[in-house]
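Read off the chains here:
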Amino acid sequence: MPRGFILHPTYRIEKGRPVIHLFGKLESGETFVVRNDRYRPYFFIKKTDTSKARKAGAGEIRSSGYRTMAGIPVSRLVFDLPTDTPELRKSLTDADIQCFEADIPFATRFLIDHDIRGGIEIAGISKKGRLIDRIYENPDIKSADVMPHLKILSLDIETNPSMDRLLSVALAGDETDEVHLVCSDMPVGNLPDYALAYPDEVTLLNNLHRRIRQIDPDIITGWNVIDFDLYILEKLVRKYRIPFTFGRADIPAKLRLDQSLWGASRAILPGRVVLDGLALLRGAFIRTDDYRLETVAQEALGRGKTITSETIAGKSPRGENRIVGNKADEILRLHREDPAAFVEYNLTDARLVLDILDHFQLIPLAIKRSLLTGMPMDRVSASIASFDFLYLSEMKKRGIVAPSVDHDIPIHPTAGGYVLNAIPGIYRNILVFDYRSLYPNLIRTFRLDPMNLVSNTNNRYSEVEFASGHIINDPGYVTAPNGAKFKKEGGILPALLDRFFPEREKALVLENHIAASAIKIAMNSLYGVLATPRCRFYSSETANAITQFGQMILRWTKTRVEHENLRVLYGDTDSIFVDGKFQNPDEAQQLGRDLAGRISSELNRHIEKYYAVESFLELRFEKIYHRFFLPGLRHSLEGSKKRYAGVVYEDGERRIVFTGMESVRRDWTQLAKLFQHDLLDLVFRLEEHSPPKEIEEMIRNFVDKLRNGELNELLVYHKALRKNIDEYTKTTPPHVKAAKLLGKRAGRIISYVITIKGPQPVQMQTDPHDYEHYVEKQIRPVAETILQHLNISWERIWSRQDELPL
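Residues numbered from 1 in each chain as written. Predicted model: local features only at pLDDT ≥ 70, side-chain atom pairs only at ≥ 80, totals over all residues. Heavy atoms only, no water.

**Let's talk about the overall build of the protein chain**
Okay, step 1: Looking only at helices and strands, the protein chain features 22 helices and 34 strands.
Okay, step 2: Taken over C-alpha atoms, the radius of gyration comes to 30 Å for the protein chain, in line with the 28 Å a tight globule of 806 residues would show.
Okay, step 3: Relative to its 806 residues, the protein chain shows a buried fraction of 55%.
Okay, step 4: Sequence-distant contacts in the protein chain: of pairs separated by 6 or more residues, those separated by 24 or more amount to 67%.
Okay, step 5: On the protein chain, roughly 36,300 Å² of surface is accessible, and the fraction owed to carbon and sulfur atoms is 48%.
Okay, step 6: Each charge class in the protein chain can be summarised by its mean position, and for the 111 positive and 108 negative side chains these summaries are 5 Å apart. (Helix = DSSP H or I, 4+ residues; strand = E, 2+ residues; numbered from the N terminus. Rg over C-alpha atoms; globule rule 2.2 N^0.38 Å. Buried < 20%, exposed > 50% of the residue type's maximum accessible area, 1.4 Å probe, protein only. Contact = heavy atoms within 4.5 Å. Areas by Shrake-Rupley, 256 points an atom, 1.4 Å probe, with all protein chains shown as cover. Lys, Arg positive; Asp, Glu negative; His and termini not counted. Charge placed at Lys NZ, Arg CZ, Asp CG, Glu CD.)

And the structure:
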């Protein structure tokens, strides 16, 4: 029987009936759609509310055999159309009737009921379609584990600065490299073979429509492809009344744009899936200085665009950058005067996206996450929806229904991870320990789950009571530090994690890093959604039980380490940093391994003795920092949180690892990051009691280079707009001032520099840099954070520079 992968689950209304459509790709390489016109929408109410529901307008009501989470029997309300459910749900709610699972999307409900997550096996006869290879009508289907080969097409458009005129569209894929461009005002004699010229936008758009259907990709991608490229194309096809049918059905594509600036937009192309490369990168938790295509390409591939702001910059007699034109103007000039360079620029952008996706293996990761969670590929990063699918699927198997999302539910505060006070300083041979997958393993150990929650008592207890075993635990139950009581048996989250952990271990053994990453992302998201009121399973009691168990165990671990006459310098959520005054790193390594094993064994025995549950908690010796820096707050001896740096050796190579400091924060310039790295590198290489001369000299030389214009390429700030420009009324930060100069061209991330006349966008810089701003706001704060631990003052460095050599 054929097996395939679902790209796009949806439904259509045909002749007054809803018809499920599952578009996808078979292992054979053929495209398919499964159609089902026998499935009807439904939700549940309590069986005792049946009579009231009929009076409120409910139609078909059936017995179900299901129960609520509290064990109350429910009845099933069945409807003709999915659009019938919201109105009746409102009527029932107004009649004080609670509705269950009344907000689950129709196609998602179908997949849950058939226990299908991405992969599908189809038993039935197919027929040939016009745009689809195989059409199945009401076949028998079941879940299948598949890893499809999908055809990817990268799309990138170029427009004029006001974005109302299309210049070109580049298409890049496995067997595709082409640029379609409007040639009404440009020479075309020297165009490369991959360029296709058209007299106007209408002709280009019609041919683009034909080519996409001819190439027939499964995935359309690009960089910001939905909010820019497809958005512009949609406006243009509407303007010229051209069908926007880029999918595998004669159904117009739909864009669901997220206007919140930080949300995720979606494009609905029947039969295909649109994956924004930028969104895939963020959703895989891959961090970069900023998410511009140029930045990511340079960091990942070591190459980038053929036109950047730097490529069109000149030098003034004084050495400052002088922008002789902006990027948009340069693109227009190339379009008019050098079309060969123009189409190369356009195609390079499309190609870069494919190369970035391949470098990070983002498409295989999205496929695996889809197979794991049941979410379509363009929604695998939707943590609440993914949690919903997994949890609801398990509830159905147990004959239990879930509540609908309650937007008026009371919200209670949720405790975070415990952060120990840092002891600032510069150290040698610091041991780092962490609890492996702490929150998921706490859920497994104590069976923490909304389904297992019995009550929230006032029987709270402290770390002292935890350590001494003076804990109130009824047989068959676990009481968490926040007083919440949970059954020791059952639960959906613990069962899911019990399945995920061995699957991940197997993937790691087989070196299947894609599968391992997908499972890890899924496991780590399970705690967060419980603390989110937008989730139907929101449970502050369960979320607080998890975090407070974590806090207690970290405190217990700190106390246990200190009993070994070791000093804990810092700790955060699941990790601690330990100083044993080791002079020999080999000695430190051995102690680290031994200590981790002893503490894990003691903790597990303690938990098994006083809670009568099997512990899955494991303290690991993670690494040793050969030199380590814990910064204090500026001009203070108080320790800073979530900020540190240290030297590690990996595969024989020395490197400095930064956490939370300027070197990894996107709102600091490359200037500050380079300075911090170089200064710390020098400090770490020097002996502890070396004279400060080399350090002071390094700082002076660095500042001299800055003032001489030798570091201009490092002076760009990248800052995100958190709301629309016109909503900044009380204050106008520098990036907003720069954004206002850009006007309509301002995106979410603003790249700007500080000049002698204030902030200016990189694309529109007309005045020299304000170097003293960078000295005071970027160099000095970084320097003083480090210098205060070396008994060197910023003022002394510059006063020494003025001393005469006698």
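**Side note on the packing of helix H18 (residues 670–685) against helix H19 (residues 693–707)**
Okay, step 1: Where H18 meets H19, the closest approach of the two axes is 10 Å, and the angle between their N-to-C directions is 160°. Between H18 and H19, the interaxial angle falls into the category roughly antiparallel. Of the two elements, H18 crosses H19, and the hand of that crossing is right-handed. Taken together, the residues of H19 that come into contact with H18 (itself represented by Leu671, Leu674, Phe675, Asp678, Leu679, Leu682 and Val683) are Glu694, Ile695, Met698, Ile699, Phe702 and Leu706.
Okay, step 2: Here the residues of the contact of H18 with H19 sort into 11 nonpolar, no polar and 2 charged. (Axes fitted to C-alpha atoms, helices over the stretch in contact; angles between N-to-C directions. Parallel < 35°, antiparallel > 145°, perpendicular 65-115°, else oblique. Left-handed = near helix turned anticlockwise from the far one by under 90°. Nonpolar A, V, L, I, M, F, W, Y, C, P; charged D, E, K, R; others polar.)

**Some thoughts on the pattern of salt bridges**
Okay, step 1: What the rule picks out here adds up to 57 salt bridges.
Okay, step 2: With its nearest N and O atoms 3.1 Å apart, the salt bridge here joins lysine 128 to aspartate 133.
Okay, step 3: Under the relative-accessibility criterion, lysine 128 is labelled exposed at 62%.
Okay, step 4: Residue class for aspartate 133 comes out partly exposed when judged on its relative accessible area of 26%.
Okay, step 5: A cluster of three or more residues bridged by salt bridges with shared partners is formed by Asp115, Arg117, Glu394, Lys397, Arg499 and Glu503. (Salt bridge = Lys/Arg side-chain N within 4 Å of Asp/Glu carboxyl O.)

**Observations regarding the sheet that holds strand E10 (residues 134–137)**
Okay, step 1: Spatially, E9-E10-E3-E2-E1-E8-E11 is the arrangement adopted by the 7 strands of the open sheet, whose pairing is mixed. Each of the sheet's edge strands pairs with one partner strand only, and the pair in question is strand E9 (126–127) and strand E11 (140–143).
Okay, step 2: As defined by bridge partners, E9 adjoins E10 across 2 bridges and the pair is classed as antiparallel. Residue pairing for E10: lysine 127 is matched across the bridge by isoleucine 135. (Pairing = 2+ DSSP bridges.)

**Digging into the sheet that holds strand E15 (residues 195–198)**
Okay, step 1: A sheet is described by the order of its strands in space; here 6 strands give the open sequence E15-E14-E13-E12-E16-E19, paired in mixed fashion. Edge strands, defined here as strands with exactly one partner in the open sheet, are E15 and strand E19 (273–276). Direction aside, neighbouring strands of the sheet carry axes that sit 20° apart on average.
Okay, step 2: Pairing between strand E14 (residues 176–182) and E15: 4 bridges, direction parallel. What sits directly across from histidine 180, in E15, is leucine 196.
Okay, step 3: Here helix H5 (residues 225–239) sits on the sheet in contact with strand E12 (152–159), strand E13 (166–173), strand E16 (219–222) and E19, set at roughly 70° to E12.

**With respect to the side chain of glutamate 394**
Okay, step 1: Considering the arrangement of structural elements, one finds glutamate 394 in helix H11 (residues 383–397).
Okay, step 2: If sequence neighbours within four positions are ignored, glutamate 394 has contacts with Arg117, Ile492, Leu496 and Arg499.

**Topic: the packing of H11 against helix H14 (residues 492–509)**
Okay, step 1: In contact at an axis separation of 10 Å, H11 and H14 are set at 105° when each is read in the N-to-C sense. With respect to their mutual orientation, H11 and H14 come out roughly perpendicular. Packed against H11, whose contacting residues are Phe387, Leu390, Tyr391, Glu394 and Met395, the element H14 presents Ile492, Leu493, Leu496, Arg499 and Phe500 at the interface.
Okay, step 2: The class makeup of the residues in the contact of H11 with H14 is 8 nonpolar, no polar and 2 charged.

**Section: empty space enclosed by the protein**
Okay, step 1: Under the defined criterion, the tally for this structure stands at 6 cavities of 30 Å³ or more.
Okay, step 2: Estimates place the volume of the second largest cavity at around 60 Å³.
Okay, step 3: The wall of the second largest cavity is formed by Leu7, His8, Pro9, Arg266, Ala267, Ile268, Leu269, Arg272, Val273, Val274, Pro376 and Asp378.
Okay, step 4: Split by residue class, the lining of the second largest cavity holds 8 nonpolar, 1 polar and 3 charged. (1 Å grid on protein atoms, 1.4 Å probe; cavity = no way out; pocket = protein on both sides within 12 Å on 5 of 7 lines; lining within 4 Å. Points joined across faces, edges and corners; volume = space filled by probe spheres on them.)

**Looking at the pairing of strand E23 (residues 425–435)**
Okay, step 1: The buried count for E23 comes to 9 of 11 residues, which makes it a mostly enclosed element.
Okay, step 2: Note: E23 against strand E29 (residues 619–630), 10 bridges, orientation antiparallel. Within E29, the position partnered with tyrosine 427 by the bridge is phenylalanine 628.

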